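# Structure at a glance
Each chain, letter by letter, is given below.
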Amino acid sequence: MLPVVVVHGGAGHIPKERAELSTIGVKEAARTGYAILQKGGSAMDAVVEAVALMENNPGFNAGQGSVLNVKGEVEMDAMVMDGRTLDSGAVSAVRRIANPVQLARLVMEKTKHLCLTAEGASKFARSMGVPEVPEESLITDYAKMRWKKNLQPDANPVECQMGKMGTVGAVAVDKDGNIACATSTGGMINKMEGRVGDTPCVGCGGYADNNIGAVSPTGHGEAIMKVTLSRLVLFHMEQGKTPEEASDLALTYMKERVDGLGGVVVVDPKGTWTAWFNSLQMSWAAAQQGELHYGLYRGEHFVEPVQEKI
């Protein structure tokens, strides 16, 4: 069953004209992560590369396609976690960084801290030789259009945020049985300057533990934080539930308790995985045993060979 990688590209309602882009993007990310695992690469290598690929895809709300804050600027959050040691690294409200997930990994590997924010994260990036990119390179016409639309007094940013290409994430188990997760996002559309969501918070925007499994979520950040969604899924798995059962219990609780919708990708140490959501859609893909699984709507599950036919 090993290795395995599962990725998501955001939960909610994805407009028809962008649905195909989202599906292509998650399939490519899963293939990339799986290729790394097949060559003996670590779960951490796989999830970081899979997420970085989606950050470079302007179709997702991360990196290059990030949504804009109320001032029309890009502020991004990202995190990684290593299930072997429970080490984690995160960045929040970072600007002018092409791949926040790679910076989050540097925080984990090169500092004694778990999370760096805003200007402090930027200073650290410079000290690590991470190049700054022009803010304009991270802003798409689509993000600008949605930003202007949500400046209207009667706009509902939470409703508008749900999906429309969302937060990206990945979980993986490598050939050695080590587990990792990574999550990255541009946050909530038209958010207040300095707002930090669930993504960089351990137990909310991700969790990985070799003894239990790994989770990367997507949805309304404030709702995810209130129920510490990622750790809640793993709590149910510790009680003997399968990844699918645990995900369903945790997402149902989030809906009933704080009226939050979302989704998760989950894997356990044996390689059992799920992509589970209670929103209308969530783009997801998984690679395992030479097969690529993917879907967009609830109940949708397509399978094809990982190796694309030439």
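Under an unreviewed UniProt entry, the protein has the name Isoaspartyl peptidase/L-asparaginase and belongs to Cyprinus carpio.

What follows covers the UniProt feature "active site" (unreviewed entry) in the protein. With numbering aligned to this structure, UniProt lists the feature "active site" (unreviewed entry) at Thr167. If you trace the backbone, Thr167 turns up in the loop between helix H6 (157-161) and strand E5 (168-173). Assessed through its relative accessible area of 8%, Thr167 is described here as buried.

Turning to the environment of Asp77, a few remarks are in order. Inspection of the secondary structure puts Asp77 in strand E2 (residues 76-82). On the accessibility criterion, Asp77 (1% relative accessible area) is buried. Among residues more than four places away in sequence, those in contact with Asp77 are Val91, Ser92, Ala93, Thr183, Ser184, Thr185, Val196, Gly197, Thr199 and Pro200. Within the structure, Asp77 has its side chain in polar contact with the backbone nitrogen of Ala93 (distance 2.8 Å).

This part is about the packing of helix H1 (residues 16-38) against helix H2 (residues 43-55). In the contact formed by H1 and H2, the axes pass within 8 Å of each other and the chain directions differ by 155°. Classified by the interaxial angle, the pair formed by H1 and H2 is roughly antiparallel. As H1 runs across H2, the sense of the crossing is right-handed. When H1 is examined against H2, the residues Gly25, Val26, Glu28, Ala29, Thr32, Gly33, Ile36 and Leu37 are found in contact with a partner set consisting of Ala43, Asp45, Ala46, Glu49, Ala50, Leu53 and Met54. Here the residues of the contact of H1 with H2 are counted per class, giving 9 nonpolar, 3 polar and 3 charged.

Our next topic: the environment of Pro305. For Pro305, the location among the structural elements is in strand E13 (residues 302-305). Pro305 gets classed as partly exposed once you look at its relative accessible area, which sits at 46%. Separated by 121 residues in the primary sequence, Pro305 and Ser184 place their C-alpha atoms 27 Å from one another.

We now examine the pairing of strand E12 (residues 291-297). Where burial is concerned, most of E12 is hidden: 5 out of the 7 residues are buried. When strand E11 (residues 281-288) meets E12, the two strands line up antiparallel, connected through 6 bridges. For Ala285, the partnering residue across the bridge sits in E12 and is Tyr294. Taken together, E11 and the strand that follows it, E12, pair antiparallel across an intervening segment of 2 residues, in which Gln289 is found at a positive phi of about 50°. In terms of strand pairing, E12 meets E13 through 4 bridges, oriented antiparallel. In the strand pairing of E13, Tyr294 is matched with Phe302. Connecting the antiparallel pair E12 and E13 is a turn made up of 4 residues, with Gly299 showing a positive phi of about 85°.

One number sums up the size of the largest pocket: a volume of about 210 Å³. Residue lining of the largest pocket: Glu244, Trp273, Thr274, Ala275, Trp276, Phe277, Trp284, Tyr297, Arg298, Gly299, Glu300 and His301, and that is the complete set. With 5 residues, the top contributor of residues to the lining of the largest pocket is strand E10 (residues 273-277). Looking at the lining of the largest pocket residue by residue, the classes come out as 6 nonpolar, 3 polar and 3 charged.

Criteria and thresholds
Residues numbered from 1 in each chain as written. Predicted model: local features only at pLDDT ≥ 70, side-chain atom pairs only at ≥ 80, totals over all residues. Heavy atoms only, no water. UniProt positions renumbered as here; feature names shortened; annotations may be inferred. Helix = DSSP H or I, 4+ residues; strand = E, 2+ residues; numbered from the N terminus. Buried < 20%, exposed > 50% of the residue type's maximum accessible area, 1.4 Å probe, protein only. Contact = heavy atoms within 4.5 Å. Polar contact = N/O pair within 3.5 Å; in protein donor to acceptor, adjacent residues only side chain to side chain. Axes fitted to C-alpha atoms, helices over the stretch in contact; angles between N-to-C directions. Parallel < 35°, antiparallel > 145°, perpendicular 65-115°, else oblique. Left-handed = near helix turned anticlockwise from the far one by under 90°. Nonpolar A, V, L, I, M, F, W, Y, C, P; charged D, E, K, R; others polar. Pairing = 2+ DSSP bridges. 1 Å grid on protein atoms, 1.4 Å probe; cavity = no way out; pocket = protein on both sides within 12 Å on 5 of 7 lines; lining within 4 Å. Points joined across faces, edges and corners; volume = space filled by probe spheres on them.

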